[in-house]
Amino acid sequence: MRKKRIMVIGPTNCGKTTLVNALNDYNGPLRKTQDIIYGKNTIDVPGSYVENTWMYKHLIATAQDASHILILVDQSKCVDVYSPGFAKAFKCPVIGVITKVDLMAENEDICIQQLKKIGIPEPYYKISVPSEIGIKTLKEHLFLKEK
């Protein structure tokens, strides 16, 4: 049986790779790519996969290897790229994550509404990797309950 990984989906520049590196305990340089990257604990999906609806089939196929899916919305930008009900396409648990919560606090409600529209139930995880906000809680939720 292959190890299940956490799939991380979000628009370009929303903090996906930074979060993936934190989940993999990787501190090296950020690598930007147009390919799906299988990490120690994660599947890092390029933003273009969610920004182009014709690529959704690739997301759904890749999700077969996932234990959980993190869908990211960026509090600093609030770009609405997801189709309504998008989360319902996946069979494994989908978790809503609001990134960059140390920026543009006034956008938090917009992000929560986006996650609801996507079809993700609460609770939502509010994180900022550089500020170390919420990462420990998210990691505990993802990694400790499997034991």
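Residues numbered from 1 in each chain as written. Predicted model: local features only at pLDDT ≥ 70, side-chain atom pairs only at ≥ 80, totals over all residues. Heavy atoms only, no water.

Draft legend 1. Fine view of the pattern of salt bridges. Enumeration over the complete set of coordinates arrives at eight salt bridges. Across the pair Asp80 and Lys117 runs a salt bridge whose closest N-O atoms are separated by 2.6 Å. Placement of the pair is Asp80 in the loop between strand 4 (66-74) and strand 5 (94-99) and Lys117 in helix 4 (residues 108-118), with a sequence separation of 37 residues. On the accessibility criterion, Asp80 (44% relative accessible area) is partly exposed. Where Glu140 meets Lys136, a salt bridge forms, and the shortest distance between an N and an O atom there is 3.0 Å. (Salt bridge = Lys/Arg side-chain N within 4 Å of Asp/Glu carboxyl O. Helix = DSSP H or I, 4+ residues; strand = E, 2+ residues; numbered from the N terminus. Buried < 20%, exposed > 50% of the residue type's maximum accessible area, 1.4 Å probe, protein only.)

Draft legend 2. The arrangement of the pairing of strand 5 in detail. Among the six residues of strand 5, six are classified as buried, and the element is accordingly described as predominantly covered. Of the two faces of strand 5, the one lined by Val94, Gly96 and Ile98 and the one lined by Ile95, Val97 and Thr99 are each fully buried. For strand 4 and strand 5, the ladder comprises six bridges, and the chain directions are parallel. Bridging across to strand 5, Leu72 finds its partner in Val97. Bridging between strand 5 and strand 6 (residues 125-126) involves two bridges; their strand directions are parallel. Within strand 6, the position partnered with Val97 by the bridge is Tyr125. Once the chain exits strand 5 it traverses helix 4 before rejoining the sheet at strand 6, and the crossover so formed is right-handed. (Pairing = 2+ DSSP bridges. Right-handed = clockwise from strand over helix to strand, strands pointing away.)

Draft legend 3. The packing of aromatic side chains, seen in detail. Applying the stated criterion across every chain yields a total of three aromatic pairs. For the ring pair Tyr82 and Phe86, a centre distance of 5.5 Å and an interplane angle of 45° mean the geometry is tilted. Overall, Tyr82 belongs to the buried group, its relative accessible area being 3%. On the basis of relative accessibility, which here comes to 5%, the residue Phe86 falls in the buried class. Measuring from centroid to centroid gives 5.4 Å for Phe86 and Phe90, while their planes differ by 75°, and the two rings are edge-to-face. Through a chain of ring-to-ring contacts, the aromatic side chains of Tyr56, Tyr82, Phe86 and Phe90 assemble into a single cluster. (Phe/Tyr/Trp six-rings, centres within 6.5 Å; stacked < 30°, edge-to-face > 60°.)

Draft legend 4. Region of interest: helix 5 (residues 135-144). For helix 5, the full list of buried residues reads Ile135, Leu138 and Leu142. The buried residues of helix 5 occupy an angular sector of 70° when projected down its axis, which confines them to one face. (Arc of directions from axis to C-beta.)

Draft legend 5. Geometry of the sheet that holds strand 1 (residues 5-9). Ordered in space as 2-3-1-4-5-6, the six strands form an open sheet in which the pairing is mixed. The sheet is open, and its two borders are formed by strand 2 (37-38) and strand 6, each paired with just one other strand. Bridge count for strand 2 against strand 3 (residues 42-44) is two bridges, and the pairing is antiparallel. Across the sheet, the residue bridging to Ile37 is Asp44, located in strand 3.

Everything listed here is a matter of coordinates, which is why it stays silent on function.
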